[in-house]
Amino acid sequence: MPGDAKHPRRMETRQERDQKRMKLSNQSLFQQKAYINGQWTDADDGATFDVVNPATGAVLGRVPRMGAAETDRAIQAAKGAQAGWAAKTAKERADILMRWHDLMVEATEDLAQMMTAEQGKPLREARGEVAYAASFLRWFAEEARRVYGQTIPGHQADKRLMVIKQPVGVVAAITPWNFPAAMLTRKAGPALAAGCAMVAKPAEDTPFTALALAQLAEAAGVPAGVFNVVTGEPETIGATLTHSGDVRKLTFTGSTQVGRLLMRQSADTVKKISLELGGNAPFLVFDDADVDAAVDGAIASKFRNAGQTCVCANRVLVQDRIYDQFVEKLAAKAGALRVGPGTEDATDIGPLINQAALEKVQSHLHDATAKGAEMVAGRGHDGLEGTYFAPTVLAGATREMQFFREETFGPLAPVVRFSDDMEGVALANDTEFGLASYAFVRDLGRVYRIAEALESGIVGINTGLFSTEVAPFGGIKQSGLGREGAHQGIEEYLEEKYICLQI
Ligand SMILES: NC(=O)c1ccc[n+]([C@@H]2O[C@H](COP(=O)([O-])OP(=O)(O)OC[C@H]3O[C@@H](n4cnc5c(N)ncnc54)[C@H](O)[C@@H]3O)[C@@H](O)[C@H]2O)c1
Ligand SMILES: O=C[C@H](O)CS(=O)(=O)O
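The structure displayed is predicted, hence computed values, not measured ones.

**A word on the overall build of the protein chain**
Step number 1: A count of helical and extended segments in the protein chain gives 15 helices and 20 strands.
Step number 2: Here the C-alpha atoms of the protein chain give a radius of gyration of 24 Å, agreeing with the 23 Å that 2.2 N^0.38 yields for 503 residues.
Step number 3: Along the first, second and third principal axes, the C-alpha set of the protein chain runs to 90 × 65 × 35 Å.
Step number 4: Taken across its 503 residues, the protein chain has 56% of its residues classed as buried.
Step number 5: Counting only contacts in the protein chain whose residues sit at least 6 apart along the sequence, the fraction spanning at least 24 positions is 73%.
Step number 6: Approximately 20000 Å² of the protein chain is accessible, and the part contributed by carbon and sulfur atoms is 53%.

The following block contains the structure:
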């Protein structure tokens, strides 16, 4: 802002400078404080940590580095708000959730800009995530009014039996950076719909989206203490949440390694627990598949969010007879994807979230080529700056390579050859994970045999995309416990009570 002798130039505040970096129309969405009991608050000692734009390395802003004391206050705020929130009628809670939904939709462009700035995904994917995230608020506003109980024919003539459902109580939610809006509303929607209050901890890489959602929740009329967002030391906040007897439910989305830890930490207080964990999705292409459709499905599944989704194809398994044709077509399409900042309309593949993520994908690439795999499209990080990694396709990949056992979480597509159906399914199931599987196959009998044989909570048949709020999302084996979305999603936040009445 220009100045002159009469009107000296006012220095920009740090908040104004940081807001410019995000190009927001509604600047109140950019919050650099945590949200506890309806108050925007700093850490007790004023400590903060920086949030960095993965596309540029620039500091976008900073948020409080909170610890046990602040987390305890958030738990007590939720506990204090719990009874009043549960006492509202389902319709009253539903109306507030729908207002939150509407405000999210109105703020789509700002939320997308913020998400792209802190997470790196292309703006069109970020806009899509805002719609997906808002859909959980609408869906569970509807589900709130269908939390039905039961009456049961009595076991004795003078008994009347019934089952009612009640909110589990205070919920702790810990969410990942890859879908900073949707992974939070996929928890907050059902929790609040069921009548629970929540303390949420977003990932340290992407706190601004969660804080913006808190600002919109406040504007929608979510009462103070019902929805709290704390930022800071994951280990300290997580330990405080899991060890508190006032927290009756933990819902976590993130890596299997951290999920195991939180499950152990929750055992002492016997919490109800939901875990949405890591994946290692097989992407099977059988010899009667529509190869072009299979290539399109592989592109959609593998390269969404630069390969940083829990349901990305991690191992592409292709039957002998069509292997060469599939690899050639996949390489051509992957090679045409454009790498760049998420703010550019032409971008298909944004930066990886941080240096550690880049190093993991590079380690999978180097391990595979050292063991004989051939790069047939892309060359990984070669020639690129920052944390960019070009969509890369590997031919001649085998089960002896690191990617086969570990979630790559990046735009690397190793293609493994298999001979008969049994070998393909055996390779697919050869993992401790069980979140998503894919199969491109046309014979109807084969579809059923393969879908039923695959060991995963989700199976995509002839599609690379299946995520929706109306269907149950979740894993088996070491990919998680419980389901999110669908009607099942609200059951995770309810307890059943059996009432036996002597008449
Ligand atoms: N199944 C699903 O629906 C789903 C969805 C998204 C991501 N994921 C998985 O998440 C992983 C990527 O996300 P990420 O890198 O953020 O995972 P992560 O486990 O490193 O972090 C997830 C969250 O846990 C927190 N955290 C880390 N250590 C903690 C501790 N000791 N105590 C308490 N909290 C702690 C982080 O701050 C973050 O908020 C991948 O494995 C991916 O498959 C799964
Ligand atoms: O990363 C895992 C998310 O659950 C992705 S999505 O739900 O498939 O969009």
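Structure shown, so let's carry the discussion forward.
**Some thoughts on the pattern of salt bridges**
Step number 1: Taken as a whole and judged by the stated rule, the model has 29 salt bridges.
Step number 2: Linked by salt bridges that have partners in common, Asp 287, Asp 288, Asp 421 and Arg 446 make up one network.

**Looking at the packing of helix α5 (residues 123–144) against helix α6 (residues 182–194)**
Step number 1: Running from amino to carboxyl end, α5 crosses α6 at an angle of 10°, the nearest separation of the two axes being 8 Å. As summarised for this structure, α5 and α6 are arranged roughly parallel, according to the angle between their axes. Side by side, α5 and α6 meet where Glu 129, Tyr 132, Ala 133, Phe 136, Leu 137, Phe 140 and Ala 144 of the first sit next to Ala 182, Thr 185, Arg 186, Gly 189, Pro 190 and Ala 193 of the second.
Step number 2: When its residues are assigned to classes, the contact of α5 with α6 shows 9 nonpolar, 2 polar and 2 charged.

**Re the UniProt feature "domain: Aldehyde dehydrogenase" (unreviewed entry) in the protein chain**
Step number 1: This chain's UniProt record puts "domain: Aldehyde dehydrogenase" (unreviewed entry) on residues 40–498.
Step number 2: Split by type, residues 40–498 is 41% helix and 20% strand. Its first and last C-alpha atoms lie 41 Å apart.

**Observations regarding the UniProt feature "active site" (unreviewed entry) in the protein chain**
Step number 1: Sites flagged by UniProt as "active site" (unreviewed entry) map to Glu 276.
Step number 2: Within the secondary structure layout, Glu 276 lies in strand β11 (residues 272–276).
Step number 3: For Glu 276, a relative accessible area of 4% corresponds to the buried category.
Step number 4: The contact partners of Glu 276, leaving out residues within four places of it in the chain, are Arg 186, Phe 252, Thr 253, Gly 254, Leu 435, Phe 473, Gly 474, Gly 475, Ser 479, Gly 482, Arg 483 and Glu 484.

**A few points about the domain arrangement of the protein chain**
Step number 1: Here the protein chain is described as being made up of domain 1 (22–277 + 480–499) and domain 2 (282–461).
Step number 2: Computed from C-alpha atoms alone, the centre-to-centre distance between domain 1 and domain 2 is 31 Å.
Step number 3: Across the contact, 20 residues belong to domain 1 and 22 residues belong to domain 2.
Step number 4: Carbon and sulfur atoms make up 52% of the surface buried where domain 1 meets domain 2, a total of about 1700 Å² over both sides.
Step number 5: By the criterion of area lost to domain 2, the three top residues of domain 1 are Pro 54, Arg 124 and Trp 177, representing 25% of everything that side buries.

**Description of the packing of aromatic side chains**
What characterises a pair of aromatic rings is the spacing of the ring centres plus the angle enclosed by the ring planes.
Step number 1: For the structure shown, the criterion picks out 10 aromatic pairs.
Step number 2: Between Phe 283 and Phe 440 the ring centres are 5.2 Å apart and the planes differ by 25°, which places this aromatic pair in the stacked class. Taken as a pair, Phe 283 in strand β12 (residues 281–285) and Phe 440 in strand β17 (residues 436–440) lie far apart in primary sequence, 157 residues in all.
Step number 3: Classification of Phe 283 as buried rests on a relative accessible area of 0%.
Step number 4: Members of the aromatic cluster, each reached through a chain of ring pairs, are Phe 283, Tyr 438, Phe 440 and Phe 466.
Step number 5: Above the face of the Tyr 493 ring, Lys 249 is positioned so that its terminal group lies 5.1 Å from the ring centre.

**Considerations on the site of ligand 1**
Step number 1: Close contacts around ligand 1 come from 30 residues, with Thr 175, Glu 204, Ser 255, Leu 277 and Glu 407 the closest.
Step number 2: Contacts to ligand 1 include Ser 255, whose side-chain N or O atom sits 2.7 Å from an oxygen atom.
Step number 3: One nitrogen or oxygen atom from the side chain of Glu 276 is found 3.5 Å from an oxygen atom belonging to ligand 1.
Step number 4: Taken together, the elements giving at least two residues each to the shell around ligand 1 come down to α6, α8 (234–243), β10 (247–253) and α9 (256–267).
Step number 5: Tallied by class, the residues present in the shell around ligand 1 amount to 16 nonpolar, 8 polar and 6 charged.
Step number 6: When residues of the shell around ligand 1 are sorted by domain, at least three fall in each of domain 1 (22–277 + 480–499) and domain 2 (282–461).

**Structural notes on the nonpolar core**
Step number 1: Val 285, Phe 326, Leu 330 and Val 415 are the most contacted members of the largest nonpolar core, which totals 68 residues.
Step number 2: The biggest single contributor to this core is helix α11 (residues 320–335), with 7 residues.
Step number 3: Those residues in contact with Val 415 that lie beyond four places of it in its chain are Val 316, Val 318, Tyr 323, Phe 326, Val 327, Leu 330, Val 393, Leu 394, Ala 395, Gly 396 and Ala 397.
Step number 4: Residues Trp 85, Ala 133, Cys 196 and Ala 220 belong to the second largest nonpolar core, which totals 66 residues.

**Some thoughts on the sheet that holds strand β5 (residues 150–152)**
What links the strands of a sheet is backbone hydrogen bonding, and the strands pair in either a parallel or an antiparallel sense.
Step number 1: Taken in spatial order, the 3 strands line up as β5-β6-β20 in an open sheet, and their pairing is antiparallel. Sheet topology places β5 and β20 (494–502) at the edges, where each strand pairs with a single neighbour. Each strand of the sheet is rotated relative to its neighbour by a mean of 20°, with strand direction disregarded.
Step number 2: Bridge count for β5 against strand β6 (residues 159–167) is 3 bridges, and the pairing is antiparallel. Residue Ile 152 lies in a different strand from β6, and its bridge partner there is Leu 161.

**Observations regarding the site of ligand 2**
Step number 1: In the neighbourhood of ligand 2, the contacting residues comprise Tyr 132, Asn 178, Phe 179, Met 183, Arg 186, Arg 304, Thr 309, Cys 310, Val 311, Ser 467 and Phe 473.
Step number 2: Within the side chain of Asn 178, a nitrogen or oxygen atom sits 2.9 Å from an oxygen atom of ligand 2.
Step number 3: For ligand 2, an oxygen atom lies 3.1 Å from a polar atom in the side chain of Arg 186.
Step number 4: Starting from 280 Å² of accessible surface for ligand 2 in isolation, the protein chains cover 98%.
Step number 5: Grouping the amino acids of the shell around ligand 2 by side-chain chemistry returns 6 nonpolar, 3 polar and 2 charged.

**Observations concerning the sheet that holds strand β15 (residues 392–397)**
Step number 1: What the 7 strands build is an open sheet, ordered β14-β15-β16-β13-β12-β17-β18; its pairing is mixed. Single-partner strands in this sheet number two, and they are β14 (374–377) and β18 (458–461). Ignoring strand direction, the axes of neighbouring strands in this sheet form an average angle of 25°.
Step number 2: Relative to β18, β17 runs parallel, the two sharing 4 bridges. Looking at the pairing, Ala 436 lines up with Ile 458 of β18.
Step number 3: Lying over the sheet, α11 contacts β12, β13 (313–319), β14, β15 and β16 (412–418), oriented at roughly 170° with respect to β16.

Rules behind the numbers
- Residues numbered from 1 in each chain as written.
- Chains lettered and ligands numbered in written order.
- Predicted model: local features only at pLDDT ≥ 70, side-chain atom pairs only at ≥ 80, totals over all residues.
- Heavy atoms only, no water.
- Helix = DSSP H or I, 4+ residues; strand = E, 2+ residues; numbered from the N terminus.
- Rg over C-alpha atoms; globule rule 2.2 N^0.38 Å.
- Buried < 20%, exposed > 50% of the residue type's maximum accessible area, 1.4 Å probe, protein only.
- Contact = heavy atoms within 4.5 Å.
- Areas by Shrake-Rupley, 256 points an atom, 1.4 Å probe, with all protein chains shown as cover.
- Salt bridge = Lys/Arg side-chain N within 4 Å of Asp/Glu carboxyl O.
- Axes fitted to C-alpha atoms, helices over the stretch in contact; angles between N-to-C directions.
- Parallel < 35°, antiparallel > 145°, perpendicular 65-115°, else oblique.
- Nonpolar A, V, L, I, M, F, W, Y, C, P; charged D, E, K, R; others polar.
- UniProt positions renumbered as here; feature names shortened; annotations may be inferred.
- Domains from an automatic or database assignment.
- Buried area = accessible area lost by both parts, 1.4 Å probe.
- Phe/Tyr/Trp six-rings, centres within 6.5 Å; stacked < 30°, edge-to-face > 60°.
- Lys NZ or Arg CZ within 6 Å of the ring centre and 35° of its normal.
- Near = heavy atom within 4 Å.
- Polar contact = N/O pair within 3.5 Å; in protein donor to acceptor, adjacent residues only side chain to side chain.
- Core = buried A, V, L, I, M, F, W, Y, C linked by side-chain atoms within 4.5 Å.
- Pairing = 2+ DSSP bridges.

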